[in-house]
Structures are given as C-alpha cells and as structure tokens.
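These are the residues of each chain, in order.
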Amino acid sequence: MASSPCGNFDSGLEIKTRSVEQTLIPLVSQITTLINHKDKPKKSERTLAAIHRVGQAVSVAVGRFVAVGEAIATENQELKDEMGHACFEARRAGEAIAQLTDVGSALSSHSDGRVTVFSDRTGMVKAARLLLSSVTKVLVLADRIVIKQIIASRNKVLVTLDHLERVSTFQEFVQIFSQFGNEMVEFAHLTGDRQNDLKDEKKKARMAAARAVLEKCTMMLLTASKTCLRHPDCESARINKDAVFHRMRCALEQVIEIVTDARSSGENKILSASIYNSIKDFKSSVECLRENLHSLSPQSVGGQLEALVERTEDFTDSAYTSHEQRQAILGLCQLARQDSQQLVHAWTEAQSSKAKEATEEMEVAILKTCQSVNDLRRELHKVAVGRTSDLLKVHGEQSPLRALKTAGAEGNLEDVAEYSRTVTEQKEQLVENCRLLCHVSGTEPLEITCIHAEETFHVIGPQIISAAQTLALHPSSKIAKENLEVFCEAWESQLCDMALLLREINDVFEGKRGDKRPYLSLPRPGKHSANLKTAKAVKLDAEEQTSMAKLGLELRLLSSDIDTEVEKWDDQEVDIVRQSQSLASMAYNMYLFTRGEGLLKTTLDLFHQAEVLSEEGLQLCSSVRTFSTQLVDEEKSVVMTEVDKLVTLCQQLQAGARTPVQGKTATFQKVDSSIQKTRAILTAVLSLLPVCNKLNRKYKSERSSLGSPQDWKERQDTSTPVKDNEVLTNKNGDEFGVKSLEQHMTSLNILESN
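Worth saying up front: this structure is predicted, and the values here are computed from it rather than measured.

Rules and cut-offs
- Residues numbered from 1 in each chain as written.
- Predicted model: local features only at pLDDT ≥ 70, side-chain atom pairs only at ≥ 80, totals over all residues.
- Heavy atoms only, no water.
- Helix = DSSP H or I, 4+ residues; strand = E, 2+ residues; numbered from the N terminus.
- Buried < 20%, exposed > 50% of the residue type's maximum accessible area, 1.4 Å probe, protein only.
- Contact = heavy atoms within 4.5 Å.
- Phe/Tyr/Trp six-rings, centres within 6.5 Å; stacked < 30°, edge-to-face > 60°.
- Lys NZ or Arg CZ within 6 Å of the ring centre and 35° of its normal.
- Axes fitted to C-alpha atoms, helices over the stretch in contact; angles between N-to-C directions.
- Parallel < 35°, antiparallel > 145°, perpendicular 65-115°, else oblique.
- Left-handed = near helix turned anticlockwise from the far one by under 90°.
- Nonpolar A, V, L, I, M, F, W, Y, C, P; charged D, E, K, R; others polar.
- Polar contact = N/O pair within 3.5 Å; in protein donor to acceptor, adjacent residues only side chain to side chain.
- Salt bridge = Lys/Arg side-chain N within 4 Å of Asp/Glu carboxyl O.
- Core = buried A, V, L, I, M, F, W, Y, C linked by side-chain atoms within 4.5 Å.
- Patch = residues over 30% accessible without salt bridge, like charges linked within 9 Å, V, L, I, M, F, W, Y side chains within 5 Å.
- Areas by Shrake-Rupley, 256 points an atom, 1.4 Å probe, with all protein chains shown as cover.
- Lys, Arg positive; Asp, Glu negative; His and termini not counted.
- Charge placed at Lys NZ, Arg CZ, Asp CG, Glu CD.
- Expected span 1.5 Å × (residues − 1).
- pLDDT = per-residue confidence, 0-100.

## Comments concerning the overall build of the protein chain
Next up, step 1: A count of helices and strands for the protein chain gives 24 helices and zero strands.
Next up, step 2: The buried share of the protein chain, reckoned over its 754 residues, is 49%.
Next up, step 3: Expressed as a percentage of contacts within the protein chain between residues at least 6 apart in sequence, the contacts between residues at least 24 apart total 82%.

Okay, here's the thing in structure tokens:
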C-alpha cells in the first residue's frame, strides 16, 4: 500500500483514530488493486471481469457511504457545507472509477476507443486520490461529531456538578446525584470508546488516567458530600469535599484537552523531565557523529550531558537515597563526563585531519560514552525500583492508616494530628518515588502513569487527613467514618496500581513485552451458556465495585507472576507452559473487567470466561499428571497433592459458573465467587510451576546423560487429546471501542442518604 500512487493522497488529513483507519483499509486495498494491475498487451476475459467487478463494488460502496455522510450533514448544520462538498467529491470520484473500470469484453475494450483504466492510467490515479481524500475528509468530519458529543456530555456533567456542590438538603442531593450518575454513565461510554479508538498511545494513557480519576472520585464525591451535608459547620469536611470537586473538574478538563488536541502543561512536563529521554537523545546525538562529523558542536554535546546530569539531582538530593547509592550515581556521572571529554578530543582531532568519517579512536570514544550513560541509566533504574519496592513493602502493612482511623473513631484529635504527620511523610516519599520512576520508566505512556500516580498520592494524602479530622470531631458519625474509609481504600488501591506500574517498568527495562498478549477465547453463544440464557447483567454498587477492584488487582499481580515463572522454562512450547500462559491471560481479562475495560463487557461474559478458565485449568492438571508418570514416588506425591487441589478448585469454579442466578445480590455474589476461585487457581498454579520446572530440568539432565531417546514433552504430546478450537477472533468485535463501563461505574445508581 505504501508503494501505491495513492499513498499520500492528502497530507492535510491526519487520521487519529483506529476506526477511521480500519474503515479506509478495504477501500485502499481495492483501489491499489486497480492501479497496480499488470499492464499486459492481452487481457483475458477473466481479468477484465475482475477489474469491472472491483470498480463497480467501489462505486456502490462509495454511494452508500456518501448517503450516510449526507444524512450526517443534514443533522449537523455546522458541518453541512464541508460535509456536502466532501460527499460530492467522493461521489464524483466513485463514478469516475466506475467509468474507467467499465472495460466490457476483451474485444470491445480495444476497438471502440473508450477511455478505460488501461488507456488512462493517470486518470485512474487522479480519481483514486480524489476518492481517498474525500472519503477520509468525510470520516474526519464525522469524527468531529463524536468529539462534539463528548464535549456536550462533559458540559452536562459540569452543570450537574455545580448543582451538586450547592445543594443544602439530603433530598435535593439524592435527586441531583441520580441525574449526575446517568450523565456520568453516558460520559463513561463516550470517553471509553474514544480511549480505545485513539491511535496515539500517549493520549490513550492520559485518557485512561483522567477516566480513572473520575471513576474513583465519584465515590469520594458521594461520601464527602454526604458528610458535608450532615456536618455543615465542619471546616475539615468542607475542605475534603472541595478537593474532590476540584479534582473531578480537572479530570473533565483533561479529557477535553485530549479529544480536542489542546496542549497542556502536564504534557510538556512529561516530555522535558525524563532522564530516560535525555539519555536516549544524548546517545542519538553522539552516534550521529559516525555519519557526520559536523552534525553538531562539541559545546552542544557537553550541554546535553550536563542537562542530563542535572536531572539526576532528583536522586542525589533526596533525603531517602542512601550514601552508597548517591556515591554510585555521582561516580557514574563523573565517568560519563570523562568519556565525553575523550570523545570531544578525538572528534576535534578527526576534524583537524579533515577525516570524512569517524576515526578508530573516535569510534572507541563513542562506544565508551554510550556505555557510561547506559551504566548511569541502569544505576538510576536500580535505585528507583529498589526504593519503591521497599516502600511498598512497608506501606503494605497500612499501620498508620489503621491507627489514624482508630484515633478518629475515638475522637482523639492529638493522635489524629500525630498519625497525620506520619501519613504526610509517607505521601511525600511516595510522591518522590513516583517522580524517580518517571525518570526511568522507558515509555511515554508509563511516564504518564507515573505522573498520574504522583498526583493521586499528592491529592489523596491531605484528603485522608481532612476526613480523619472530621471523624475525630464527630466520632459517632457513621457517614464521617464511611468517608474516611473510602479515602483510605483509594490510597490502598493506588498502592496496588503502583506495584503493577513497577512490574511494567521492569518489563520495559528488561526488554520484555510491555503489554499482555490478548486472549480472545470468549466462548461462542450456546457452548458455555446453556444454563445462563435467562440471566441478566446487573450493575454493581459502590461497595461491590470497591471489592471487585481489590480482587481484580490481585488477579493482575498473580497473572504477572505466572508469566514471570513460565519464562524460566527452557522449553516454551510444552503444554504446561502454554496452558499456564492461557490461564494468566484469561485471568488478566477478568482483571480488566473489574476496571470496566477489555473484552468482557457484562457479568455474563465474566461467567463464560470463568468456565473456559476452569476447563483450561483441568487440561493443565491432565498435562501435569502425564508429566508425573516419570517421577519417583516421593516427587510424584508432592506434585499430585498440588494437582488434586487444583482439580478441586477448577471443578468448583466450573460448577459455580454454570449455576444460574437471579437478582442483583446473587449476581454479585457469583461474580465475587468466580474471581476469588480464579485467584485461588492462579495461586495453586504459581506454586506448581516452579516444582515442575525444577523436576523437568532434573530429569532432562539425567536423560541427556543416559542418552534417553525421548523426553517427557514428546510423551505428553502423544497422550494429550487435541482440543476443539473454541477461540473466537476479534474480527467482528467492537472495533470502534469497548462499551463496558456501565457495569462498573462507581455508585451511580444506588445512594444511601444516612
């Protein structure tokens, strides 16, 4: 396609979404076929018929497409002129292509003198360019309608948010919050679709961060507002509530910045602050000297390095960096300076001798300079990741939060003040560590996630303190206690997110794939849903959503642990490895469900996935049993004990997934049970994998020394029955985005006023 004459049909039309891109691909393919046909002197009837058929198909498709565009223009007067012109051009180009491909028979096409694709190739190219340009224009204009819908939805949310902020009675609050919930569901649908449709990964990450804020803040807004209504004269309650409203407005504004391509200060911060980017740019500049000795000046190289070294002060100036770590970083910075100076010396000599390319001495200096900054990056990564890991272990105990909640419930203002200082110190450490992780994250989407985590800790820390102060002033208030609990849970949730972020940064640093492999095995309707035909998907309330989020994060961690464990196997093609990877991928899908993302859009989808996961788990048990036949009694006993546990868990999950339920409470209990059983299955697999790997290596070594003609994998392949293909591809899926957040929006329809 890149080589076709229509490759750059209109450089002024930037395609920003996957849906527009995917819509154009078939059209580009057909037109490319027409333009790139082999121009043979003699054309067969079959060739002529094929060209005619493709040309007519393009014309008919364009006609239908234009009809839709014209209908959009009628409904949106502000786009009527532009859309009308684009539709006119598309129709004209489609008719031209139809005429040029109306080649008739082999005889008539040569004898009647008509202008065709064979006689007017230039005309065909012009028509193709006009068609692609006009069709793209129609699609881009239609995309403006989507942006307009998001802006309109945001505006409705803002108006209702203003009303919520000013209410003075519970009755009024309940009424307006119900309206707010419906509007947030609509906004979640539109922004979720947009996030999945964006081509730019950086924008997707920013959108995900903004939507995560809105999702979590919805519950905070509920409890903070109720607390303020219950205790209207409490200053700490007002501060707590105001912070939530402010953060929601900022997140709403960020969404609009993304969809309208407005520049933001946050984006500029990301691009300028990362040490990883500075090292990458510095190495690129240095390596360019191999090709062009005059591509930059010695002063610019020195300036780049000094700017890079200056950014390491975030590490060396930190009170939490150990003396040894600080000395190691400073030493590597000094080494980078020395290597850079040697490079400048060799570079100057090469220029003086009028060398046309880098000399051998200069090549060595380039390699040493690049190596020294690589070593610096490795040390910074080690410090940032090590400090964050240690911090998460300490904070995982959550003792200061527990003490703060206890002090608040007891009305002890002095203890609340003391533990608030501890929480503030923790917050400052976490904020600083997020900043360090941002320096070494390795990709722009991860940098954005680090900044989002930094902002979250920075905001939630003071909110926890104001909520605790309110509870201490009103220790018998149930709503004040609930409010503090909500903010503490948000803190814990962000700690879990930070643990996931740490793993992803490590994966990037180690060169692993940053994203999970998609598992597209949603069961076909009817295959796994015989007992679920009358079941209905239901909404989860705030408490249920919070519970699901915690379980989901545990699934994500366990699935990542399994991926790490299977990578230790020498042979990645054995059934045990492949089945374990499948289990991890399916569990990851279930984790995405708890976040309102991914392929699982409803509770029914979740139950289907749970049933498929249980079947895959039973297949894994069968594979491990086959493997155990070569083990001695004691080893076999250890393995089979774990297998029996796994079989029981898989059977329990399978039975639960197939059991029909009715009603909201029963459905939630089934969701909770399915995810908990899945967590238990992953835990069992995680304990089984290293044992099997160790024994596998042992027996492979013994067989190798004894000249064994066949390994256990070959026996396993002949004894394991071939499974039917239950995989559904994503070809007919929701290609314009995933509409799943309605199931998972926090507390949008259930409101307690007491």
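## Side note on the packing of aromatic side chains
Next up, step 1: Tallied over the entire structure, the rule returns four aromatic pairs.
Next up, step 2: Taken together, the aromatic side chains of F173, F177 and F180 make up a single cluster linked through ring pairs.
Next up, step 3: The side chain of K670 reaches across the aromatic face of F607, ending 4.2 Å from its centre.

## Describing the packing of helix 20 (residues 575-594) against helix 21 (residues 603-628)
If you want to describe how two helices pack, look at the angle between their axes and the distance between the axes.
Next up, step 1: At their nearest, the axes of helix 20 and helix 21 sit 9 Å apart, and the two run at 160 degrees to each other. Judged on the interaxial angle alone, helix 21 and helix 20 are roughly antiparallel. In the packing of helix 20 onto helix 21, the handedness of the crossing is left-handed.
Next up, step 2: In the contact of helix 20 with helix 21, the residues fall into 13 nonpolar, nine polar and two charged.

## Remarks on the side chain of K405
Next up, step 1: With respect to the helices, strands and loops of the structure, K405 is situated in helix 15 (residues 399-409).
Next up, step 2: Assessed through its relative accessible area of 19%, K405 is described here as buried.
Next up, step 3: In this structure, K405 is in contact with L471, L484, E485 and C488, ignoring residues within four places of it in sequence.

## Structural notes on the environment of S19
Next up, step 1: Relative to the helices and strands, S19 is located in helix 1 (residues 18-35).
Next up, step 2: Separated by 178 residues in the primary sequence, S19 and D197 place their C-alpha atoms 6.3 Å from one another.

## As for the environment of T191
Next up, step 1: As for its position among the elements, T191 is in helix 6 (residues 170-197).
Next up, step 2: As for T191 and R154, which are separated by 37 residues in sequence, their C-alpha atoms are 9.8 Å apart.
Next up, step 3: Among all residues touching T191, those that are not within four sequence positions of it are I150, M207, R211 and V255.
Next up, step 4: A polar side-chain atom of T191 sits 2.7 Å from the main-chain carbonyl oxygen of F187.

## Things to note about the pattern of salt bridges
Next up, step 1: One pass over the structure, following the stated rule, counts 31 salt bridges.
Next up, step 2: For the salt bridge of R206 with E257, the shortest nitrogen-to-oxygen distance reads 3.4 Å. On the criterion of sequence distance, the pair formed by R206 in helix 7 (residues 201-230) and E257 in helix 8 (residues 235-259) is long-range, its members being 51 residues apart.
Next up, step 3: Among the ionic pairs, K645 bridges to E642, the shortest N-O distance being 3.6 Å. Of this pair, K645 and E642 both sit in helix 22 (residues 633-658), separated by three residues, roughly a single helical turn.
Next up, step 4: It is possible to trace a salt-bridge network through shared partners that takes in K16, K203 and D261.

## Side note on the nonpolar core
Next up, step 1: In this structure, F315, M362 and I464 are the most contacted members of the largest nonpolar core, which totals 102 residues.
Next up, step 2: Examining the composition of this core, we find that 13 residues originate from one element, helix 18 (residues 478-509), more than from any other.
Next up, step 3: When residues no more than four places from it in sequence are discounted, the contact partners of F315 are I275, T321, I329, L380, V383, A384, L436, H439 and V440.
Next up, step 4: Judged by nonpolar contacts, the second largest core, of 53 residues, contains M590, Y591, V624 and F627.

## Some points on a negative patch on the surface
Next up, step 1: Among the surface-exposed residues, E310, E313, D314 and D317 lie close enough to one another that they form a single negatively charged patch.
Next up, step 2: On the secondary structure map, D317 appears in the loop between helix 12 (313-316) and helix 13 (323-352).

## Here's the deal with helix 2 (residues 45-75)
Next up, step 1: Between its first and last C-alpha, helix 2 extends 46 Å over 31 residues, near the 45 Å set by a 1.5 Å rise per residue.
Next up, step 2: Among the residues of helix 2, those classed as buried are L48, I51, G55, V58, V62, V66, G69 and A73.

## Concerning the confidence of the model for the protein chain
Next up, step 1: Residue-level pLDDT values for the protein chain average 78, and 80% of them are 70 or greater.
Next up, step 2: When the criterion is pLDDT under 50, residues 105-111 qualifies, and its contacts beyond four places in sequence or with other chains add up to 11 contacts.
Next up, step 3: Low confidence marks residues 513-537, where pLDDT is under 50. Its contacts with residues over four positions away, or in another chain, come to 63 contacts.

## Structural notes on the environment of T422
Next up, step 1: Within the secondary structure, T422 is located in helix 16 (residues 413-440).
Next up, step 2: We classify T422 as partly exposed; its relative accessible area is 31%.
Next up, step 3: Taking the C-alpha atoms as reference points, T422 and P400, 22 residues apart in sequence, are found 6.8 Å from one another.

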